[in-house]
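Spelled out from the first residue to the last, the chains are:
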Amino acid sequence: MQENLVIVESPAKAKTIEKFLGKDFLVTSSMGHIRDLEKKDFGIDIENNYLPKYVVSDDKKKIVAELKKLAKKATMVWLASDEDREGEAIAWHLKEELGLKADKTKRIVFHEITKDAILNAIQNPRNIDENLVNAQQARRVLDRIVGFELSPVLWKKVKPSLSAGRVQSVAVRLIVEREREIINFKSSSSFRVTANFQAHLSDGQTAEVKAELPRRFDTRQEAEAFLEKCKTARFTIADITRKPARRTPAPPFTTSTLQQEASRKLGFSVAQTMSVAQRLYEGGKITYMRTDSVNLSGLALNTASQKITELHGDKYVQIRQYKTKSKGAQEAHEAIRPTYIDHETISGSAQEKRLYDLIWKRTIASQMADAVLEKTTITIDISTAEEKFIASGEVIIFDGFLKVYMESSDEENGNGSPNSSDLLPPLKANDQLKARQILATERFTQKPPRYTEASLVKRLEELGIGRPSTYAPTISTIQTRNYVIREDRPGTERQFSVLELKNNTISETTKTEITGAEKSKLFPTDIGMVVNDFLIENFEQVMDYNFTANVEKEFDDIAEGKRVWNEMIDRFYHPFRQTIESTLKNSEKTKGERILGSDPKTGKQVSVKIGRFGPIAQLGESTVDEDQEKPQFASLRPSQHLETITLEEALELFKMPRELGDYENKKVTVGVGRFGPYIRHNNQFVSLPKTDDPYSVGLERAIELIEAKREKERNAVIKTFAEDADLRVLNGRWGPYIAYKKSNFRIPKGTQPETLTYEACLKLIEEGGKTQKRQKK
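Keep in mind that this is a model prediction, so the values were computed, not measured.

Undergrad: Quick one: what's the story with the nonpolar core, residue by residue and with numbers?
TA: Judged by nonpolar contacts, the single largest core of 139 residues is most densely connected at Phe110, Leu355 and Ile679. It is helix H5 (residues 130-157) that provides the largest number of residues to this core, a total of 9 residues. When neighbours within four sequence positions are excluded, Ile679 is seen to be in contact with Leu660, Val668, Thr669, Val670, Gln684, Phe685, Val686, Leu688, Ala702, Leu705 and Ile706. Core analysis: the second largest hydrophobic core is formed by 31 residues, Val193, Phe197, Ala211 and Phe217 among them.

Undergrad: Tell me about the sheet that holds strand S20 (residues 632-635), and please be specific about residues and values.
TA: Strands sit in the order S17-S18-S19-S20 across an open sheet of 4 strands; the sheet is antiparallel. Strand pairing shows two members of the sheet lacking a second neighbour, strand S17 (594-598) and S20, which therefore form its edges. Sheet twist, expressed as the mean angle between neighbouring strand axes with direction ignored, is 25°. Sheet topology note: the strand S19 (residues 614-619)/S20 ladder contains 4 bridges and is antiparallel.

Undergrad: Kindly report on the packing of aromatic side chains, identifying the contributing residues and their values.
TA: Throughout the structure, instances matching the rule amount to 13 aromatic pairs. The interplanar angle of 75° and the centroid separation of 5.4 Å between the aromatic rings of Phe197 and Phe389 together place this pair among those described as edge-to-face. Of this pair, Phe197 sits in strand S7 (residues 189-200) while Phe389 sits in strand S11 (residues 388-398), and the two are 192 residues apart along the sequence. Considering the side-chain rings of Phe217 and Phe226, the 5.3 Å spacing of their centres and the 35° angle between planes classify their relative orientation as tilted. The exposure class of Phe217 is buried, given its relative accessible area of 3%. On the basis of relative accessible area, Phe226 is assigned to the buried category, the value being 2%. Put simply, the rings of Phe197, Phe217, Phe226, Phe235 and Phe389 pair up and form one aromatic cluster. The ring of Phe496 carries Arg443 above its face, with NZ or CZ at 4.7 Å from the centroid.

Undergrad: Go over the sheet that holds strand S26 (residues 727-732), please, and point to the residues and values.
TA: Across the sheet, which stays open at both edges, the 4 strands sit in the order S25-S26-S27-S28 with antiparallel pairing between neighbours. Edge positions in the open sheet fall to strand S25 (717-720) and strand S28 (743-746), since each of these has one partner strand only. Going across the sheet, the axis of each strand differs from the next one's by a mean of 30°, ignoring polarity. Those strands touched by helix H19 (residues 699-716) are S25 and S26, and its axis lies near 60° from that of S25.

Undergrad: Pulling in residues and values, what's your account of the pairing of strand S18 (residues 605-611)?
TA: For S18, the buried fraction is high: 6 of the 7 residues fall into the buried class. For S17 and S18, the ladder comprises 4 bridges, and the chain directions are antiparallel. Within the sheet, the bridge partner assigned to Ile595 lies in S18 and is Ser607. What sits between S17 and S18 in their antiparallel hairpin is a turn of 6 residues, with Gly603 showing a positive phi close to 80°. Relative to S19, S18 runs antiparallel, the two being bridged by 6 bridges. Each residue of the ladder has a partner; that of Ser607, found in S19, is Gln618.

Undergrad: For the pairing of S11, give the residues involved together with the corresponding values.
TA: Of the strand pairs in this sheet, strand S10 (residues 371-382) and S11 are connected by 10 bridges, and their pairing is antiparallel. Each bridged residue has a counterpart across the sheet, and for Val372 the counterpart in S11 is Phe398. In sequence, S10 turns back onto S11 through a hairpin of 5 residues.

Undergrad: Talk me through the confidence of the model for the chain; I want residue IDs and the actual numbers.
TA: Residues shown with low pLDDT carry predicted positions that ought not to be read at fine detail. With 92% of its residues at a pLDDT of 70 or more, the chain shows a mean pLDDT of 87. The model gives residues 32-57 a pLDDT under 50, and that stretch makes 62 contacts with residues more than four places away or in other chains. Predicted confidence for residues 773-777 stays below pLDDT 50, and this span has 0 contacts to residues more than four positions away or in other chains.

What counts and what doesn't
Residues numbered from 1 in each chain as written. Predicted model: local features only at pLDDT ≥ 70, side-chain atom pairs only at ≥ 80, totals over all residues. Heavy atoms only, no water. Core = buried A, V, L, I, M, F, W, Y, C linked by side-chain atoms within 4.5 Å. Buried < 20%, exposed > 50% of the residue type's maximum accessible area, 1.4 Å probe, protein only. Helix = DSSP H or I, 4+ residues; strand = E, 2+ residues; numbered from the N terminus. Contact = heavy atoms within 4.5 Å. Pairing = 2+ DSSP bridges. Axes fitted to C-alpha atoms, helices over the stretch in contact; angles between N-to-C directions. Phe/Tyr/Trp six-rings, centres within 6.5 Å; stacked < 30°, edge-to-face > 60°. Lys NZ or Arg CZ within 6 Å of the ring centre and 35° of its normal. pLDDT = per-residue confidence, 0-100.

See the structure below:
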């Protein structure tokens, strides 16, 4: 009989834990999928009967049955799922499902998979925390109520197959509102004035001083008038101020800050970061990765201090304990850190090494001394004007934590380097400067930035929406549902003016720049915007940011035993159900329809809306009268949107299908259908690649695509039969197959397709038909 059975969630976690426990312990997992382990890890022989060491199956009943066998043979079962609410709920469900008795069941938790942590957990077991289980149950039930009740309303009032969720819908709202801010944003220009001065130093040398005018001029005329004043001006140093400054390191990682920094510095998506972090945790390399605490244990602080002293010396050590500032944070966990801080590197995949390096540097830097800097500001008088130039410089006196790590911001595009200001030469008040060049450059106000996955996580955390375990699935869900897309978009060219004063002459040049380019940004789709508007209009409470944040607080209260979970659900459900019934009864169907105007040629109404297969333009009005002319429809192009498309752009869509010319005495046309743009010739269709624009593609390119498809089809034909022209043996994407009368039939493995006879093909078709009927039945 096996004395002790330890059950964890995943095989990888089980494999790491078993290294720290003796022969008296059997470690298994409750998860049905395995990827990282080899076949030799799959099972062991117990009393000549196969029982899996790591339960591996897609069949939930089989998993439970195998776990029950193992539990029956054990004198004590240790439930070692993660220490958060989800982990507590898993432990509770295992206890209930396996029928475990209280006197032979113990709950253990640890936030790192190390020998000391595992043995300490074994020595200090506890009971399952019913409050944590109830908090997780409340979240699960409330989210299902919202999702299961709201989604059918969307099916009836907007479009089939849509979904809604308590957190996902609010996340979409943030992105939609930001997009509308950008759509309504009006850019304005002003002129920024910078100058390059030459200073004569006391040792006879000359030095360059770069300065900027704090004020910006609204018009070109104002900027030019200022440059005119500078032609005869004397430039004198009026004041020099030097101030000490300090920079403090960022705290150790929480789930959200790890997701943000991995996005900025490594280019990881939120889901990718959590997947890699999960593997690092289960491999015993970092502490638990779902946390909102910035605390570090005493052992971690001591180890960090020793490592910093070893690498950089005592003066670089400054031990700190940080306090979490985010709404609704739970301080029970520890921050994300390496389990062994003295290990600078690890073995593993390239992604694991990069993320570990980021975590290690952030942890070490958090316990290092402040960086000490000196900021210098020089004020430069202009004899002919009231304005003053300002030159700023910054010198690092002591690098401190900057020796290891610098936190990035979304504006830095992820490079994470400190903002290095120009070094200023040794100057003194009343020194005269010579203007070598003064530039007045036209600059434009910037539109609000679109969200990246990282900045959306940051905003959700600031609003108190969601918890560490929900950020990644929320962002994945809104993209899977096609409410939001993450993509790069090219910028557009923009011209700007530059006025230059040099050698007492003012000249003007026009330059070009690329503006508005986006990289890995989140954009709402048309259907996402329509669904968002419908939910805000009819379910204001669910879509309210404060409501969602307050619900998270109530979950926290349940976890602390201050609220009863089903009473909280009951208070929400009854008024919510009334709103559902009222909306179904009283609200109108919405397609996000927008009327653009009338077609100048026909006088018919032109509108755009959400159609069955996506956003469409409509020419003419819908009618039930069969004698009336039916409206025409055309799909919007990928770059077009319901809220921004113009009448002229919509009318262009109805020029499809477009005739390109004749080929082989047959017309060649290009059109846009349900599955995208296509070329049509002799009743044959050829898909148009994404790189080709259906509105500009020419006959020559169309012929090239037609011939390419013909060549591909010729190569695809392995064998034809004189007895029946409809019967062919073809080579497809997944290998050879038989095609007959618009149906496809598999060829058995080991059969040479070239050797198949007409009779053998008919036999395979007959057998394949019987198989298909059985499957349908």
